Amino acid sequence: MLDKTYHPQEVEPRHYDSWEKAGVFAADTGSGKTPYTIMMPPPNVTGSLHMGHALTFTLQDILIRYWRMRGKDALWQPGTDHAGIATQMVVERQLEALGQSRHDLGRDRFIDRVWEWKAESGGTITRQLRRLGASPDWAKERFTMDEGLSAAVRKVFVELYHQGLIYRDKRLVNWDPKLHTAISDLEVESREVKGNMWHFKYPVEGLENTNIIVATTRPETMLGDTAVAVHPEDERYTHLVGKFVILPLVGRRIPIVADSYSDPTKGTGAVKITPAHDFNDFEVGKRHQTGMVNILDADARLNDQVPEPYRGLDRFEARKRVVADLEALGLVDRILPHVHMVPYGDRSGVVIEPWLTDQWFVDAPTLARPAVEAVETGKTVFVPKHWENTYFEWMRNIQPWCVSRQIWWGHQIPAWYGPDGQVFVAETEDEAQAAAARHCGTAVPLKRDEDVLDTWFSSALWPFSTLGWPVKTPELARYYPTDVLVTGFDIIFFWVARMMMMGIHFMKDVPFRTVYIHALVRDEKGQKMSKSKGNIIDPLDLIEKFGCDALRFTLAALAAQGRDVKLSESRVEGYRNFATKLWNAARFAQMNGCAPANGFDPKTVKLTLNRWIVAKTGEAGQIVGDALAAYRFDEAARAIYAFVWGTYCDWYLEFAKPVFLGTDEAAKAEARATTAWALDQILHILHPFMPFVTEEIWEQMAPGRAHRLISATWPQAAAELAAPTAVAEMDWVVRLISDIRAVRSEMNVPPAAKLAAFLKGANEGNRARLETHRALILTLARLDSIMVDDQAMPKGAVQVVIDEATVLLPLAGHIDVAKEKARLDKEIAKVEGERAKLEKKLANPAFVEKADPEVVAEVRQTAGEFKATLEKLREALRRISHL
């Protein structure tokens, strides 16, 4: 017998350990089943489970469990990412606490130290994924720096280099002056800063007392200006195009150029161009061949390219000095307060500099073309589809990808330099030495490039490197391309696009057929979670408090396509109650002798009640399965929730009680077997969402079953179990009772009051239904009687229309009509007021056009809910007005 209370903290670890030891998560490469593959986005090895992880891994696990039950050879490929900068910083902080730096250890000893840390502490995230109930094929777990993946990285780099698709160049990168490395855009955090906009006068050469005024938020960079740009159609400056200004403080002669980058409507319409320190200016400088002057060193101090008084100054100290010196020369036109976004390193916390430096680049524009075509032609589809537009926007405007990083932890670039500076790119040092000997005519000493590759480089190979590439393994042949990638929109460019480029280039096929993009998890007010706001919700805390199943079901139920997940503890608590409802239903079934019957065939049941629940169960399985196949997790969750809580628990089990208590043994036996069968089917359907409570009930309802629930097959198709006559009959009974209950609730009829009801105008079929189920209807609708009377006209009766018939409910003596009318009038006025506020917002074009589309959609939804509430209240008022 099931315990009175479900204890998830006891159940969850027991079942997870049992599943993992039994190997039920494992794919079977040699099976004849159709493969179904999901690549787990590898979390950082330094990471801990956060709510974004909880959402993405829950959705992936739901899919993998569902398709596993549908008979697919399901591979969920797990692994972790070496997380270059993040991991290096963790170990550097440990050294700092000991009064050491990585330079004290040297590169090799430091890397050994990182591997030691990884062995000791790098498994936190995978342990937490187990706590979430994730069921990947752990035996196939990979790490982006294990030997197999490292070999794949070297081979890809070398092949791309020899194909001219990787090269070394001097370009602008995001430079972190604290970490001394280039970083990716994803590692740059834009912060709003209250600063100034400085307007400076640049004297025009040859025109006395003529200045051109430029504006900047970074005065120190003016020392590296190489041009001033104006719009070609800006009549204020057409006469100056082709002339020169003399750069203040420096004395350099720089041209005034016409370029559409300059916006005549902003500021003065004239823009200073600093190609070595601004990404947009870099492109303008290239177009006009103005040259580039790099004024900063790796520490963001001014270098020898600036006048002597500024050399060695920190960039912010130089800013003050430049402004002061320009003011002394009378060249500051005005200074205005200005709020703007400033890039910060998300790890170092310092302002990031666009910096001109020699780096390794991938020719992303060339690799992007077939990746764009693959989505255009439908080889890969995005769900929701509108994310294709984001993908196209990024891919069609893609820039060369900087893949080198100036840190130690990561894949060291397989490039060696000879004494003459010639580079030799090879998979091994021996190959590089051989190439150098051929080049120089003799063996020469080589120095290896000290940089490592961007973490995203190895991640881009994940869909095929994890399956054994470049070796032609059975896994690679079977599981590539994969079926679906589940990920957040924030890494469409950083990861999705790069996997598409690399997969198509090296595997000659897309890495995944579908990309499902989920939204962010926000707090209940729709705000992004952050430490500064103090609104972070820890998934492990929720699991500890309410159980893993409750959190998983909550995330699925809220995962509507295109809408952010607004999470609150009360939501999780509500779905904990759902698990409790299921548990209590199973206990009720046990207490009434319901157990799975050997050989039970649901298609042979005879009682209308049982044929109804069999058909409804099949329908629920169909709806949930179809929704999951379409990645509509919220619809799937709503459907099974409504079926379990409503159809099965609140209706079927209530309808079955008289049968269990009756004297017809054949009916009792059929009802017991049907109850147990339907419960088993519910456990199947719910298992992908709530694996632990369903497995526990499955085990306890029939100890010693031949297989675990996780290994069971998905329920039968709805068409095989259809019973339209029984469904029509029992749905009519449910509707009749529900509508009577609704009137009682609307009219505030006391729960204990037993009403007399009249059925008027019913056809023969519905009269027969009433007679068959009269006892149930009287009990569940709290009626004293219900009479069939086509002439009935009782005074003070509320009318309820049920198909062709009308139910009359005399309420005289049960409610205070005047009081109820006043209550309804007040409630209607309140709801009308709230709805009017929302409608006013929606009628305001400024709100609709400028507000977040999700906010607008939410306002529309709420307004619609108010409208529905108003209709119900007005119907109640209409009814009571006739009394």
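Keep in mind that this is a model prediction, so the values were computed, not measured.

(A) Layout of the overall build of the protein chain. In terms of helices and strands, the protein chain carries 29 helices and 29 strands. Principal axes of the C-alpha set define a box for the protein chain whose edges measure 105 × 65 × 55 Å. When the 883 residues of the protein chain are sorted by exposure, 53% land in the buried category. Counting only contacts in the protein chain whose residues sit at least 6 apart along the sequence, the fraction spanning at least 24 positions is 78%. On the protein chain, roughly 38500 Å² of surface is accessible, and the fraction owed to carbon and sulfur atoms is 50%. Within the protein chain, the 118 negative side-chain charges are centred at a point lying 4 Å from the centre of the 108 positive side-chain charges.

(B) Looking closely at the packing of aromatic side chains. Summed over all chains, the structure comprises 43 aromatic pairs. Between the aromatic rings of Trp469 and Phe506, the centroid separation amounts to 5.6 Å while the plane-to-plane angle is 70°, which identifies the pairing as edge-to-face. Here Trp469, found in the loop between α14 (462–465) and α15 (474–479), pairs with Phe506, found in helix α16 (residues 492–507); they are 37 residues apart in sequence, far enough to count as distant. Where Tyr648 meets Tyr652, the ring centres are 6.0 Å apart and the plane angle is 20°; that geometry is what we call stacked. Taken together, the positions of Tyr648 and Tyr652, both in helix α21 (residues 633–661) and four residues apart, correspond to about one turn of that helix. Assigned by exposure class, Tyr648 and Tyr652 land together as buried.

(C) Molecular detail of helix α11 (residues 387–396). Burial in α11 covers these residues: Trp387, Glu388, Tyr391, Phe392 and Met395. Looking straight down α11, one finds its buried side chains confined to an arc of 145°; they lie on one side. In α11, the exposed residues that point more than 90 degrees away from the buried face are Asn389 and Glu393. Packing partners of the buried residues in α11 comprise α10 (364–376), β15 (381–383), α16 and β23 (512–518).

(D) Molecular detail of the sheet that holds strand β19 (residues 423–425). With respect to topology, three strands assemble into an open sheet ordered β19-β18-β20, the strand pairing being antiparallel. The open sheet has two edge strands with one neighbour each: β19 and β20 (447–448). The pairing of strand β18 (residues 415–417) with β19 spans three bridges and is classified as antiparallel. Of the residues in β19, the one forming a bridge with Ala415 is Val425. Against the sheet, helix α12 (residues 429–440) makes contact with β18 and β19, and its axis sits at roughly 140° relative to β19, the strand it touches most.

(E) Fine view of the sheet that holds strand β10 (residues 244–246). Spatially, the four strands line up as an open sheet ordered β10-β11-β9-β12, and their pairing is mixed. One side of each edge strand has no neighbouring strand; the edge strands of this open sheet are β10 and β12 (270–273). For this sheet, the mean angle separating the axes of adjacent strands, direction not counted, is 30°. Here four bridges tie strand β9 (residues 227–230) to β12, and the two strands are oriented antiparallel to one another.

(F) Expanded view of the pairing of strand β22 (residues 482–488). Here β22 lies mainly inside the structure; six of its seven residues are buried. In this sheet, β23 lies alongside β22 in parallel orientation, the contact comprising six bridges. Pairing of Val486 across the sheet is with Tyr516, part of β23. Handedness of the β22-α16-β23 crossover: right-handed.

(G) Region of interest: the nonpolar core. Formed by 149 residues in total, the largest nonpolar core has its most connected members in Met51, Phe553, Trp612, Tyr648, Phe655, Leu686 and Phe689. Among the elements that line this core, the one with the most residues is α21, at 16 residues. Filtering out sequence-adjacent residues up to four positions away, Phe655 remains in contact with Leu609, Trp612, Met730, Val733, Val734, Ile737, Leu776 and Leu780. Ranked by size, the runner-up nonpolar core spans 64 residues in total, among them Leu165, Ala374, Ile398 and Ala460.

(H) Seen up close, the pattern of salt bridges. One pass over the structure, following the stated rule, counts 49 salt bridges. Two residues, Asp61 and Arg552, come together in a salt bridge whose shortest N-O distance is 2.8 Å. In this pair, Asp61 sits in helix α2 (residues 51–69) while Arg552 sits in helix α18 (residues 548–558), placing the two residues 491 residues apart along the sequence. The buried category is assigned to Asp61, whose relative accessible area is 0%. Glu832 is paired through a salt bridge with Arg874; the nearest N and O atoms lie 2.4 Å apart. Here the residue Glu832 occupies a position in helix α27 (residues 817–842), and Arg874 occupies one in helix α29 (residues 853–881), the gap between them amounting to 42 residues. The class for Arg874 is partly exposed, based on a relative accessible area of 38%. Residues joined by salt bridges that share partners form a network here, namely Glu12, Arg131 and Glu544.

(I) Just the side chain of Thr37, in detail. Among the structural elements, Thr37 can be located in strand β1 (residues 35–39). Overall, the relative accessible area of 1% leaves Thr37 in the buried class. Sequence-distant contacts of Thr37, defined by excluding residues within four places in its chain, comprise Leu75, Tyr479, Thr482, Asp483 and Val484.

Parameters at a glance
What you see as residue numbers is a count from 1 along each chain, following the sequence as written. Only residues with pLDDT of at least 70 get local features here, since the model is predicted, and only at 80 or more are side-chain atom pairs given and counted; chain-wide, interface and lining totals rely on the full set of residues. With hydrogens and water excluded, all non-hydrogen atoms of the structure serve as input to the side-chain values. The numbering of helices and of strands both runs from the N terminus, where a helix is a DSSP run of H or I of at least 4 residues and a strand a run of E of at least 2. Buried means the residue's accessible area, taken with a 1.4 Å probe over protein chains only, is under 20% of the maximum for its type, while exposed means over 50%, and partly exposed covers the values in between. In what follows, a contact means two residues having at least one pair of non-hydrogen atoms within 4.5 Å. Per-residue and other accessible areas follow the Shrake-Rupley method at a 1.4 Å probe size, with only the shown protein chains counted as cover for residues. All tallies of charge rest on Lys and Arg as positive and Asp and Glu as negative; His and the ends of each chain are not included. For the purpose of locating charges, the reference atoms are NZ of Lys, CZ of Arg, CG of Asp and CD of Glu. Stacked, tilted and edge-to-face are the three classes applied to pairs of Phe, Tyr and Trp rings, where Trp contributes its six-membered ring and a pair requires centres within 6.5 Å; stacked means planes under 30 degrees apart, edge-to-face means over 60, and tilted covers the rest. This arc is built from the directions going out from the helix axis to the C-beta atoms. In this scheme, strands are said to pair when DSSP sees at least two bridges between them. Every angle, taken between N-to-C directions, lies between 0 and 180 degrees, and every axis is a line fitted to C-alpha atoms, over only the stretch in contact when it is a helix. Looking down the strands as they point away from the viewer, one classifies a crossover as right-handed if the path from the first strand across the helix to the second runs clockwise. Here, nonpolar core refers to any group of buried Ala, Val, Leu, Ile, Met, Phe, Trp, Tyr and Cys residues whose side-chain atoms link them within 4.5 Å. A side-chain nitrogen of Lys or Arg and a carboxyl oxygen of Asp or Glu constitute a salt bridge if their distance falls within 4 Å.

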